[in-house]
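Spelled out from the first residue to the last, the chains are:
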Amino acid sequence: MDYIQQAIDKARKEREGNIGKPREAHGHEGLQGRQPGGDQGMPESISYTQTRQVALSEEHLRDNRVIAGVNADKRGEAYRQLRTQVLQKMRANSWKTLAVTSPNENAGKTLTAINLAISLSREVNQTVLLVDLDLYNPSVASTLGIDVQQGLIDHLSDGTPVADLLINPGLERLVVLPGRKTPNVSSEILSSPAMKQLYADLTSRYESRLIIADLPSLLINDDAMAFAPKADCVLLVVEEGGSTQAEIERCLQLLEGNNLIGTILNKADT
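Scope of this entry: the structure provided in the associated data block. The model shown is predicted, which means the values in this text are computed figures rather than measured ones.

Quick notes on the rules
- Residues numbered from 1 in each chain as written.
- Predicted model: local features only at pLDDT ≥ 70, side-chain atom pairs only at ≥ 80, totals over all residues.
- Heavy atoms only, no water.
- Helix = DSSP H or I, 4+ residues; strand = E, 2+ residues; numbered from the N terminus.
- Buried < 20%, exposed > 50% of the residue type's maximum accessible area, 1.4 Å probe, protein only.
- Contact = heavy atoms within 4.5 Å.
- Areas by Shrake-Rupley, 256 points an atom, 1.4 Å probe, with all protein chains shown as cover.
- 1 Å grid on protein atoms, 1.4 Å probe; cavity = no way out; pocket = protein on both sides within 12 Å on 5 of 7 lines; lining within 4 Å.
- Points joined across faces, edges and corners; volume = space filled by probe spheres on them.
- Nonpolar A, V, L, I, M, F, W, Y, C, P; charged D, E, K, R; others polar.
- Phe/Tyr/Trp six-rings, centres within 6.5 Å; stacked < 30°, edge-to-face > 60°.
- Lys NZ or Arg CZ within 6 Å of the ring centre and 35° of its normal.

Attention now moves to the overall build of the protein chain. A tally of regular secondary structure across the protein chain gives 10 helices and eight strands. Of all 270 residues assigned to the protein chain, the portion counted as buried reaches 53%. Counted over contacts in the protein chain with a minimum sequence separation of 6, partners at least 24 positions apart contribute 81%. Accessible surface for the protein chain amounts to roughly 12700 Å². Of this, 45% is attributable to carbon and sulfur atoms.

Here it is, written out as structure tokens:
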């Protein structure tokens with residue numbers, strides 16, 4: 001849609017630098033280019049001895065459009081291409097954490113985060129942690145068809161060990177840290193000392209691991225603004241027909257100072 005590109009071009013002209021430069025550049029050009037590799041080669045086998053393992057239903061995944069988790073679905077190629085582009089930018093800058101957000105709800109940010117995380121985990125020698133940081137409306141687990149009784153908030157509020165919360169959804173090299181809705185002010189939780197310590201632990205424990213964080217929508221509350229500066233880069237998911245030019249421009253303003261790795265136009269007619 002023309003107004004989306006116009007909004008992005010307008011914001012780009014007002015800011016200096018390009019994506020791929022250090023954080024101070026604040027660039028947000030679209031993703032370009034491809035990275036060699038992908039699903040080629042024989043990955044090392046990973047054995048999960050402490051992490052809870054669950055078997056996902058292919059029917060549930062297909063019904064919920066988690067197409068990257070269905071091997072026979074050719075539509076997953078779009079996410080494999082996105083994976084390649086994201087990896088190219090993140091590896092070039094030694095980035096390890098990517099936050100996914102959107103202007104409003106129903107743009108498909110959670111679905112994008114899940115499909116991207118699955119696609120990334122299929123990369124040889126690449127492990128991925130998918131964290132549900134949408135404390136306002138956590139839906140990563142339900143979208144995958146995983147039943148959870150505890151989530152991230154239980155660690156941050158009550159000290160539940162993270163090891164008790166992690167789930168391997170039957171996909172090698174992918175681990176999920178699910179969320180659970182909190183009645184408290186979630187932005188304060190996301191900026192708490194407990195969250196800072198958890199983030200430090202998650203980002204430093206494994207050298208090869210990428211962390212994908214599903215954040216709340218930017219215009220719903222201030223949660224995404226509270227966490228986004230902690231992430232190395234941000235991916236903005238825009239819904240065609242559901243995000244206005246003013247909303248997109250507002251999001252770009254709110255993300256000023258972050259590395260906007262790209263903008264995804266979701267639900268577009270092809």
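Glancing now at empty space enclosed by the protein. One pass over the structure, following the stated rule, counts three cavities of 30 Å³ or more. Looking at the largest cavity, its volume works out to about 50 Å³. Considering the residues around the largest cavity, the lining is formed by V131, L133, M195, Y199, L202, I211, A213 and F227. Counting residues per element, the ones that place at least two in the lining of the largest cavity are α8 (193-205) and β6 (209-214). Here the lining of the largest cavity takes three residues from α8, the largest share from any one element. Looking at the lining of the largest cavity residue by residue, the classes come out as eight nonpolar, no polar and no charged. Roughly 40 Å³ of volume is contained in the second largest cavity. As for the second largest cavity, its lining consists of A68, G76, Y79, R80, S119 and R122. The residue makeup of the lining of the second largest cavity, split by class, is two nonpolar, two polar and two charged.

Take the packing of aromatic side chains next. In the structure shown here, the tally under the stated rule is one aromatic pair. Seen in terms of ring centroids, Y199 and F227 are 5.7 Å apart; in terms of plane orientation they differ by 85°. Their pairing is edge-to-face. In this pair, Y199 sits in helix α8 while F227 sits in helix α9 (residues 223-227), placing the two residues 28 residues apart along the sequence. A relative accessible area of 16% means that Y199 is categorised as buried. Between the NZ or CZ atom of K181 and the centre of the ring of Y136, over which it lies, the distance is 5.9 Å.

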